[in-house]
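Chains, contacts and geometry: an overview
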Amino acid sequence: MNQPIFYLRTELPNIKLKKMLSLMTEWQTGFIFQAPSNNTIRLAYGALAERYFTKNEDQFDALRSWQSDLKAQLATPSSTSEGQPALVGSFAFNPTSEKSNVFWGKLAQGYFFLPKYTVIKSGNSTALITCSFDAATLEEESKLFAQKLQRMPSCSLTLAEHAPLVKNDTTLDQWAAAVAATTAKIQQHQLDKVVLARSLETNFNDVIEPLAVWRKLTLTQPQTYHILLKTAWGSFISATPERFAKFQEHRFQTAAVAGTIRRGQTRTEDDCLGTQLLKDHKNLQEQNYVLQTISNTLRKHGLTVRYSKHPQLLKNPNVQHLYTPIMANGSFELFKVLHDLHPTPALGGLPRKKALRQIEQVEPVTRGLFGSPLGYFQFDGTGELAVGIRSALLTGSSAHLFAGAGIVSESIPQQEVAETQLKFRPLLHVLGDQNEEHTDID
Ligand SMILES: C=C(O[C@@H]1C=C(C(=O)O)C=C[C@H]1O)C(=O)O
């Protein structure tokens, strides 16, 4: 399989996003990536080549080697980084998990693909990148795709009117008990922090259109990432506020996001809650574990790390978090850094191995892609990954939503349950839940 890969970049006239989304409904495999406060949207249609990871595989090294093989096959001289194709997809949270992952289908261990077509919409300019094994048909394929895109009806993508969605929260009590047991272990100094997740199954009377969910998330969660990985096995969707990595030569950016409180009803109440979070010992501890672990890992890789001493607030419509952007400079081996960072204590815990063991033992859910780095890698070594939280797996007429919370010695199960309920809300709201519980946490 060492065929040359050709690609062609063309400029397209201004095309409505709605048309781009409508066209993706026709493709079984697709990917959309939009970063917070960034008007660039990357949309990928179809897989020219793909890579499913397997159990126990070193997924970062597997991607490194696959990317390097593909790069050797690229027969088009590289131009600017905007003109390049990229590998898109998601890693898995824990490739060594022994839990049943039937529910995730082939996505369970992570999946990346090289798109057949990529549309990059940035402000008023739109580019199309077409990849092909056949140099002779490349131009024609690109032309046909562009025509099809322009001729798409710009029908609005809506979610079917659902009968009230049915929520199946069968593991709630088990999860609360797991939080209590884990807190006890932390109090006995067996561990410092463990992030425990749970899932909420919701069922509809009609098939859920992932592209309509994605579109609604862009409108209701404007400051987060908006990411969709669409496959034959289901669609993983995330409106995460958390960057895992943005990288280019000699520069690596990440963030420590942990510690959560609700938003206030009024500006004054909201400020008050924010100030409370900034001073709260439990939440500061949760966040500091993340900050210290990430920065130590980056330093271990020879990078010079910079961040401000005090966390800021990262506000989304339902929650606010403690947040420290981290900037690192120097030369580094990308896939080794990613390997050593994942999972950070924002999703795993501390010490990492013990926390992962605890998660494996007590969590009533198989994480699959939840909490994993997902995003894109360009062939010039640049790219961006987010942490796949505030996310769901959409399969047919069901949605499995995921949410976790950091457990430390001062954790109280009811408060952690309330925190996960808040974290379910963005997706529940978009899916049309009329009965969102208004649970408050302080
Ligand atoms: C695990 C999640 O979120 C993570 C845990 C947080 C916390 O414990 O306060 C906050 C942000 C995320 O790093 C989630 O949203 O599911």
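Residues numbered from 1 in each chain as written. Predicted model: local features only at pLDDT ≥ 70, side-chain atom pairs only at ≥ 80, totals over all residues.

This is how it is decided: UniProt positions are given in the numbering used here, feature names are shortened, and annotations may be inferred rather than shown by experiment.
The name an unreviewed UniProt entry gives the protein chain is isochorismate synthase, with Liquorilactobacillus aquaticus DSM 21051 as the organism. Quoted verbatim from the Catalytic activity (unreviewed entry) field of UniProt, the annotation for the protein chain is "chorismate = isochorismate". Heading Sequence similarities (unreviewed entry) of the UniProt record for the protein chain holds this comment: "Belongs to the isochorismate synthase family."

**Quick notes on the overall build of the protein chain**
The line we're drawing: Strands are runs of DSSP state E lasting at least 2 residues, helices are runs of H or I lasting at least 4, and numbering of each runs from the N terminus. Whether a residue is buried, exposed or partly exposed follows from its count of other C-beta atoms within 10 Å of its own C-beta, namely 20 or more, 12 or fewer, or something in between, respectively; the C-beta atoms are built from the backbone.
The number of helices and strands found in the protein chain is 10 helices and 20 strands. Within the span of the protein chain, comprising 442 residues, buried residues form 48% of the whole.

**Topic: the packing of helix H4 (residues 172-187) against helix H10 (residues 413-430)**
Basically, it comes down to this: Axes, fitted as lines to C-alpha atoms, cover a helix only where it is in contact. Angles between the N-to-C directions of the axes lie from 0 to 180 degrees. Each angle receives one of four descriptions, namely roughly parallel if under 35 degrees, roughly antiparallel if over 145, roughly perpendicular if within 65 to 115, and oblique otherwise. Handedness of a helix crossing follows the sense of rotation of the near helix relative to the far helix, less than a right angle counterclockwise being left-handed and clockwise being right-handed. Contact between two residues is assigned whenever their backbone-derived C-beta positions fall within 7 Å. Side-chain classes are defined by residue name, with Ala, Val, Leu, Ile, Met, Phe, Trp, Tyr, Cys and Pro counting as nonpolar, Asp, Glu, Lys and Arg as charged, and the others, Gly among them, as polar.
With their axes 9 Å apart at the nearest point, H4 and H10 run at an angle of 125° to one another. When the axes of H4 and H10 are compared, the pair comes out oblique. Here H4 and H10 pass one another in a crossing that is right-handed. On H10, the residues that touch Leu 172, Ala 176, Val 179 and Ala 180 of H4 are Pro 413, Glu 416 and Val 417. Within the contact of H4 with H10, the residues separate by chemical class into 6 nonpolar, no polar and 1 charged.

**Describing the UniProt feature "domain: Chorismate-utilising enzyme C-terminal" (unreviewed entry) in the protein chain**
UniProt feature "domain: Chorismate-utilising enzyme C-terminal" (unreviewed entry): in the numbering of this structure it lies at residues 173-423. Taken as a whole, residues 173-423 contains 35% helix and 34% strand, while its terminal C-alpha atoms sit 18 Å from one another.

**Considerations on unusual backbone geometry**
A cis amide bond links His 342 to the next residue, Pro 343, at an omega of -10°. Mapped onto the elements of the fold, Pro 343 is located in the loop between helix H8 (334-341) and strand E16 (349-350). Notably, Ser 37 is not glycine yet its phi reads approximately 40°, a positive angle. Residue class for Ser 37 comes out exposed when judged on the 8 C-beta atoms lying within 10 Å of it. A positive phi is found at Arg 390, a non-glycine position, where the angle reads about 45°. Summarising the element assignment, Arg 390 is placed in the loop between strand E18 (383-387) and strand E19 (391-395). For Arg 390, a count of 27 C-beta atoms within 10 Å gives the class buried.

**Section: H4**
Spelled out, the test is: Multiplying 1.5 Å by the residue count of a helix minus one yields the expected span of that helix. Here the arc refers to the directions that run from the helix axis out to each C-beta atom.
Between its terminal C-alpha atoms H4 stretches 23 Å, which fits the 22 Å expected from 16 residues at 1.5 Å a residue. Within H4 the residues assigned to the buried category are Trp 175, Ala 178, Val 179, Thr 182, Thr 183 and Ile 186. All buried residues of H4 project into a common sector of 135° when viewed along the axis, lining one side. More than 90 degrees from the buried face of H4, the exposed residues found are Asp 173 and Ala 184. Considering only its buried residues, H4 is in contact with strand E8 (193-203), helix H9 (352-362), strand E20 (398-407) and H10. Two residues or fewer after H4 comes His 189, characterised by a positive phi angle close to 65°.

**Things to note about the domain arrangement of the protein chain**
Let me state the cut-off plainly: For every domain, the bounds stem from an assignment made automatically or drawn from a database.
Each assigned domain of the protein chain is listed with its residue range as follows: domain 1 (6-151) and domain 2 (168-430). Computed from C-alpha atoms alone, the centre-to-centre distance between domain 1 and domain 2 is 24 Å. Of all the secondary structure elements, the ones that give two or more residues to the side of domain 1 that touches domain 2 are helix H1 (17-24), strand E2 (30-34), helix H2 (59-73), strand E4 (86-91) and strand E5 (110-122). Its residues placed into classes, the side of domain 1 that touches domain 2 shows 21 nonpolar, 18 polar and 6 charged.

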